[in-house]
Amino acid sequence: MKHEPDTRGHFGPYGGRYVAETLMPALIELEQAYRKAVKDPAFHKLFNAILRDYVGRPSPLYLAERLTKAYGGARLYLKREDLNHTGAHKINNTIGQALLARRMGKTRLMAETGAGQHGVATATAAALFGMECEVFMGAEDIRRQAPNVQRMQFLGATVHPVHSGTATLKDAMSEAMRAWVARVDDTFYVIGSVAGPHPYPSMVRTFQSVIGTETRAQILEKTGRLPDMIIACVGGGSNAAGIFSAFLDDSKVRLVGVEAAGFGIRTGKHAASIGAGRIGILHGSKSYLLQDDDGQVQNAHSISAGLDYPGVGPQHAHWADTARVEYCSITDTEALRAFDDLTRLEGILPALESSHALAEAKKRAHKLGARATIVINLSGRGDKDLDNIVSYKQKHRKH
Amino acid sequence: MNRITQTFQTLRMQGRKALIGYLTAGDPDLKTSERNIRLALANGLDILELGVPFSDPTADGPVIQAAGQRALASGANLKQILAMAARLRRSFKTPMILFSYANPLFRYGYNALCRDAARAGIDGLLVVDLPYEESAELRTPMKRHGLLFIQLIAPTTSPERARRLLAEADGFVYYILVKGVTGLRKRRVLPPQADPPMAENTKKNIDRLRTCTDLPIAAGFGIGDGAQAREAARHADAVVVGSALVEAARKGRLAELVRELAAAVHGV
């Protein structure tokens, strides 16, 4: 199976480069610099050293025994990306892109962020490399993720609230693209997911592939064989693409991507682009998209800010069509229950994003049986979500 | 011959420059919007850019973003906009270009769109986020229905790239004057003689573009009044004004601004 896009960034009919002409030369320059960097052993050496000494990799693969018992079936292993510096997988990619920015002589980083994890990770990389940093964040997300806003500011980043549209990740990304057009000479746009125009989807997957590479070695060491299933949440889809990347050719390893069903797919208030969207073009690539009959992008909904996006990375669209990955969805309520489960049973507070993957494991563990193993990508920690969870629970007690 | 090509030929023979005006279709509703467009056409526009509203206009500044949101809130869609174009075509011979983001066109279906647009009297398409590399899918049905593909060239586009892109372009070239989104800047993009470096840069870039193509060159982004339009028209064959017209329409000063711009552009 072919996992790299064609020369213009297409994964089957998806992907590509749908941007204003002003940005095309910058994307072509980025692609050339990226291709050179990944062929350069010195780049890898430096990237890996930072991942080891600064991010704290490899992240552990942990057998969650009490959770396994409670869910009553397959043995559940957690890939602990929550233990990375800054608390999520996002840092793997921002270190990679910041190193690339430095090679290209750019002095300013810019990012969009939903939950704030990618914004924090970009601000962190900017601090580490002595670069300026501007983060675009929806005003609604700023409200939901206040601690992360403060972290970014402490790290020296300027956080620009975005009020247009639903004031969430989609609008933050639109605003970031507008800002990039104006400062395209000295600014490197650090996209946080496997979305956006080519080469971002394949570049971000490459920088996140360390999750999959480590998981493969760790599970072989611990169990002597490959896992039966890998489950990861999918907003744009970077943590999923990262962990899936090492198992794509192992057809016996079932790969499961979990989208956010929000209040439920039938209510129309969800973020399941693959489950309920149609092919469209947004933010630089063609993929599945939540949109109306006129091609207007619809608002996504999820309790998790990081999954609250109406699109999905183009390679996920291709994996869905070719059935290499199964996609399903988990509601806000199911995710919250899984959050409680892991917190109480294992003493680990998962991010609400990752809680969607845990909730899917809950549904599948008993079906696979006790001999099977499932790896769940615990993409981030939940500290950032506490205010949000408290207010959600209070609201729902009233109803 | 396509009306766009015809218009530029006529103007060239007369030694005149063209005024191209953008208005968002359906802002604030279809009826008002049609009235405004008729007003603009009657007061001196040489070419109309009919804007299709989109939920996520990543290349537009605040004025056109807001116009698009008003249009969408009123329920405007592509089908109604094409019907409006057909009504306008019955009254005006002015070339009309549909100005859009890719997704509304893609969802409509490229084949159906080209058929219906040509039927409605549209002469060309300008798709902001559909670069040359992704345009083949749309160009084929466009050609079949006699629609011109208007190519955008940015200040970041190298001469080599411009030459390659323009080898297949039609009608005219839309040269984007500034790195940035649509709309007026706090700093004037084309200051009068007081600040020669900016104006010189524009001249230099347009002169450079002339070595890449024989097509007429239209300059746009950031032009809002007669003085700026006159300055741009000294170097380009046409001047595009968008956000300023959208604002003027809201304030009931559209006819006045179109006359001012037309006088400035046609006087060069």
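Refer to the preceding data block for the structure.
Just so we're clear, the structure is a prediction, and the values are computed from it rather than from any experiment.

This part covers the overall build of chain B. A tally of helices and strands in chain B yields 12 helices and nine strands. Its C-alpha atoms give chain B a radius of gyration of 17 Å, within 12% of the compact-globule value 18 Å for 268 residues. Once the C-alpha set of chain B is aligned to its principal axes, its extents read approximately 45 × 40 × 35 Å. In chain B, which comprises 268 residues, the share counted as buried stands at 64%. Summing over all exposed atoms, chain B offers an accessible surface of approximately 10,400 Å²; the carbon and sulfur share of this is 51%. Of note, chain B has its 37 positive side-chain charges centred 4 Å away from the centre of its 26 negative side-chain charges.

Listed as interface residues are 36 residues of chain B and, on the opposing side, 39 residues of chain A. Approximately 2,900 Å² of surface area, both sides summed, lies buried where chain B meets chain A, with 51% of it carried by carbon and sulfur atoms. Of all residues in chain B, Thr58, Arg107 and Glu134 of chain B give up the largest surface area on contact with chain A, accounting jointly for 21% of the area buried on that side. Our count for the chain B to chain A interface comes out at four salt bridges. In this structure, the salt-bridge partner of Lys286 of chain A is Glu137 of chain B, at a minimum N-O distance of 3.1 Å. Every element with two or more residues in the side of chain B that touches chain A is listed here: α3 (62-73), α5 (102-108), β6 (151-153) and α8 (159-166) of chain B. Ranked by residues supplied to the side of chain B that touches chain A, first place goes to α5 of chain B with five residues.

Further remarks concern the pattern of salt bridges. All names here are of chain A. The full count for this structure, using the stated rule, is 45 salt bridges over all chains. Ionic pairing is found between Arg183 and Asp186, a salt bridge with its closest N-O pair at 2.7 Å. Salt bridges sharing common partners tie together Arg57, Lys79, Glu81 and Glu214.

Let us now look at the sheet that holds strand β8 (residues 187-190) of chain A. Residue and element names in this part refer to chain A. If you trace the four strands from one edge of the open sheet to the other, you get β7-β6-β5-β8, paired in parallel fashion. Each of the sheet's edge strands pairs with one partner strand only, and the pair in question is β7 (158-162) and β8. Strand-to-strand twist of the sheet, defined as the mean angle between neighbouring strand axes without regard to direction, takes the value 20°. Sheet topology note: the strand β6 (residues 132-138)/β7 ladder contains five bridges and is parallel. Bridge pairing links Val135 to Val159 in β7. Across the sheet, helix α4 (residues 90-103) is in contact with β5 (108-113) and β8; its angle to β8 comes to roughly 160°.

Turning our attention to the packing of aromatic side chains. One pair of aromatic rings is described through two measures. These are the centre distance and the angle between the planes. Applying the stated rule across the entire model yields 13 aromatic pairs over all chains. Through a chain of ring-to-ring contacts, the aromatic side chains of Tyr34, Phe43, Phe47 and Phe207 of chain A assemble into a single cluster. Sitting over the ring of Phe149 of chain B, Arg139 of chain B keeps its end group 4.1 Å from the ring centre.

As a further point, take unusual backbone geometry. All names here are of chain A. Residue Arg57 is joined to Pro58 through a cis peptide bond whose omega torsion reads 0°. Checked against the element boundaries, Pro58 lands in the loop between α2 (41-55) and β3 (61-63). Positive phi outside glycine occurs at His283, with the angle close to 50°. Tracing the backbone shows His283 in the loop between β11 (278-282) and β12 (284-289). Although it is not a glycine, Ala323 sits at a positive phi angle of roughly 60°. Classification of Ala323 as exposed rests on a relative accessible area of 58%.

One broad trend across soluble globular proteins is that nonpolar side chains are buried collectively. Phe244 of chain A together with Leu98, Ile122 and Tyr174 of chain B are the most contacted members of the largest nonpolar core, which totals 188 residues. Ignoring anything within four residues of it in the chain, the contact list for Tyr174 of chain B reads Glu49, Phe99, Leu126, Ile150, Gln151, Leu152, Ile153, Ala218, Gly220, Phe221 and Val240 of chain B. Core analysis: the next-biggest nonpolar cluster, separate from the first, contains 25 residues, Ala64, Ala335, Ala338 and Leu358 of chain A among them.

Moving on to the environment of Ile81 of chain B. Residues and elements named next belong to chain B. Relative to the elements of secondary structure, Ile81 occurs in helix α4 (residues 78-91). Taking the C-alpha atoms as reference points, Ile81 and Pro131, separated by 50 residues in sequence, lie 24 Å from one another. Here Ile81 is in contact with Ala25, Leu30, Leu50, Val52, Pro53 and Leu98, once residues within four sequence places are set aside.

Rules used in this analysis
- All chains use their own residue numbering, which begins from 1 and follows the written sequence.
- Both sets of labels track the order of writing: A upward for chains, 1 upward for ligands.
- Owing to the predicted nature of the model, reporting of local features is limited to residues with pLDDT of at least 70; listing and counting of side-chain atom pairs is limited to 80 or more, with chain, interface and lining totals taken over all residues.
- As a rule here, side-chain values come from all non-hydrogen atoms in the structure, and water together with hydrogens is ignored.
- The secondary structure listing takes helices from DSSP runs of H or I that are at least 4 residues long and strands from runs of E that are at least 2 residues long, numbered from the N terminus.
- A radius of gyration in this sense is built from C-alpha atoms; the matching globule rule multiplies 2.2 Å by the number of residues raised to 0.38.
- Working definition: with a 1.4 Å probe on protein chains only, accessible area under 20% of the residue-type maximum means buried, over 50% means exposed, and in between means partly exposed.
- Working definition of accessibility: Shrake-Rupley area with a 1.4 Å probe, residue cover restricted to the visible protein chains.
- Note on charges: Lys and Arg go in the positive column, Asp and Glu in the negative column, and His and the chain ends are not counted at all.
- The atom standing in for a charge is NZ when the residue is Lys, CZ when it is Arg, CG when it is Asp and CD when it is Glu.
- It only takes one pair of heavy atoms within 4.5 Å for two residues to be counted as in contact.
- Accessible area that two parts lose when put together, with a 1.4 Å probe and added across both, is what the buried area reports.
- Only one rule defines a salt bridge in this text: a Lys or Arg side-chain nitrogen within 4 Å of an Asp or Glu carboxyl oxygen.
- Pairing between strands requires that DSSP locate at least two bridges from one strand to the other.
- For helices, the axis comes from a line fit to the C-alpha atoms of the stretch in contact; other axes are also lines fit to C-alpha atoms, and the angle between any two N-to-C directions lies between 0 and 180 degrees.
- Aromatic rings from Phe, Tyr and Trp, taking only the six-membered ring of Trp, are treated as a pair when their centres fall within 6.5 Å; an angle between ring planes under 30 degrees marks them as stacked, one over 60 as edge-to-face, and anything in between as tilted.
- Here, a charge over a ring is recorded when the distance from Lys NZ or Arg CZ to the ring centre is within 6 Å and its angle to the ring normal is within 35 degrees.
- For our purposes a nonpolar core is just a set of buried Ala, Val, Leu, Ile, Met, Phe, Trp, Tyr and Cys residues, chained together by side-chain atoms within 4.5 Å.

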